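# Understanding the architecture of this molecule
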Amino acid sequence: MAKKQTTPDRLITYYMDFVLENGKKPTSVYAFTKLHNLKEEDFYKFYASLEVLEKEIFKAFFDNTFLLLDKNEEYHTYNPKNKLLSFYFSFFELLTANRSYVVQTLKGKESNLKSLSVLQHLRTAFISYIKQLQIEVPKIENKSVSKFQNKSFEEAAWIQLLLTLKFWLDDTSPSFEKTDIFIEKSLQAGFDLIDIKPFQNILDFGKFIIKERTNFTV
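Residues numbered from 1 in each chain as written. Predicted model: local features only at pLDDT ≥ 70, side-chain atom pairs only at ≥ 80, totals over all residues. Heavy atoms only, no water.

- An unreviewed UniProt entry lists the protein chain under the name TetR/AcrR family transcriptional regulator, from Joostella atrarenae.

So, in structure tokens, the structure goes:
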């Protein structure tokens with residue numbers, strides 16, 4: 001029998017189906033490709049190992065979400081907050097369509113999501129997306145502090161996504177409607193915390209005190 005053509009999408013589909021049907025991961029690339037009548041060497045054209053393939057699945061969820069958003073002309077007119085909100089709703093809609101696999105992979109590991117290697121490629125893609133949104137945060141006029149501030153904001157955005165993922169994994173409401181509420185409220189709270197005006201007032205006051213510190217005593 002002729003070997004099937006190997007593509008990234010086909011490998012991802014086969015891998016997800018194997019995990020769901022067998023309740024475990026394939027034992028090796030050899031066994032995995034033989035089962036699906038694929039050439040083992042063709043597998044390595046796309047992924048160095050099964051572990052890399054597994055990481056790419058969650059990034060594929062991100063990529064497919066972004067492709068859908070990018071085709072929506074209205075999305076490109078949104079401000080950063082609404083773009084991120086649209087991303088969240090679309091991303092978790094896609095996760096819901098693949099919930100069995102996501103739960104199989106992550107359930108029981110909710111308290112350790114931040115350090116799970118399977119989410120590493122998703123993290124890289126998401127943080128890059130956050131950078132592209134160019135969300136305005138209060139700037140501190142110090143290069144070292146500003147660089148640290150940007151990294152802290154990006155990490156906070158990633159943690160917020162993980163918290164939402166954890167909530168969704170535990171959500172038992174119809175159509176996961178409580179997750180939708182969680183998304184709206186958590187993002188609103190996050191943007192309220194980085195509202196530029198009150199933070200700018202605090203920074204301006206701090207700069208004034210530093211400038212006048214020689215004459216300021218208590």
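## Quick look at the layout of surface pockets
- A volume near 230 Å³ is recorded for the second largest pocket.
- Around the second largest pocket, the lining is made up of 14 residues, and of these D9, I12, A60, F61 and N64 lie nearest the centre.
- Elements that contribute at least two residues to the lining of the second largest pocket include exactly α1 (8–22) and α4 (50–70).
- Looking at which element gives the most residues to the lining of the second largest pocket, the answer is α4, with six residues.
- Here the lining of the second largest pocket is built from residues that sort into seven nonpolar, three polar and four charged. (1 Å grid on protein atoms, 1.4 Å probe; cavity = no way out; pocket = protein on both sides within 12 Å on 5 of 7 lines; lining within 4 Å. Points joined across faces, edges and corners; volume = space filled by probe spheres on them. Helix = DSSP H or I, 4+ residues; strand = E, 2+ residues; numbered from the N terminus. Nonpolar A, V, L, I, M, F, W, Y, C, P; charged D, E, K, R; others polar.)

## With respect to helix α5 (residues 80–97)
- Along its 18 residues, α5 runs 26 Å from first to last C-alpha, staying within 8% of the 26 Å computed at 1.5 Å per residue.
- What α5 keeps buried is the set K83, L84, S86, F87, Y88, F91, F92, L94 and L95. (Expected span 1.5 Å × (residues − 1). Buried < 20%, exposed > 50% of the residue type's maximum accessible area, 1.4 Å probe, protein only.)

## Quick word on the nonpolar core
- Ranked by internal contacts, the top residues of the largest apolar core, which has 53 residues, are L84, L119 and F126.
- For this core, the element with the highest residue contribution is α4, accounting for eight residues.
- When neighbours within four sequence positions are excluded, F126 is seen to be in contact with F62, L84, F87, Y88, A157, W158 and L161. (Core = buried A, V, L, I, M, F, W, Y, C linked by side-chain atoms within 4.5 Å. Contact = heavy atoms within 4.5 Å.)

## As for the pattern of salt bridges
- Applying the stated criterion across every chain, the model contains eight salt bridges.
- Of the charged contacts, one joins E54 and K25 as a salt bridge, the two residues approaching to 3.3 Å between their closest N and O atoms. One end of the pair, E54, is in helix α4; the other, K25, is in the loop between α1 and α2 (29–35), and 29 residues separate them in sequence.
- Residue classification places K25 among the partly exposed positions, given a relative accessible area of 46%. (Salt bridge = Lys/Arg side-chain N within 4 Å of Asp/Glu carboxyl O.)

## Thoughts on the environment of E184
- Within the secondary structure, E184 sits in helix α9 (residues 177–193).
- Those residues in contact with E184 that lie beyond four places of it in its chain are L85 and F89.

## Describing the confidence of the model for the protein chain
- With 81% of its residues at a pLDDT of 70 or more, the protein chain shows a mean pLDDT of 86.
- Contacts from residues 214–218, a stretch scored under 50 in pLDDT, to residues over four places away or in other chains number one contact. (pLDDT = per-residue confidence, 0-100.)

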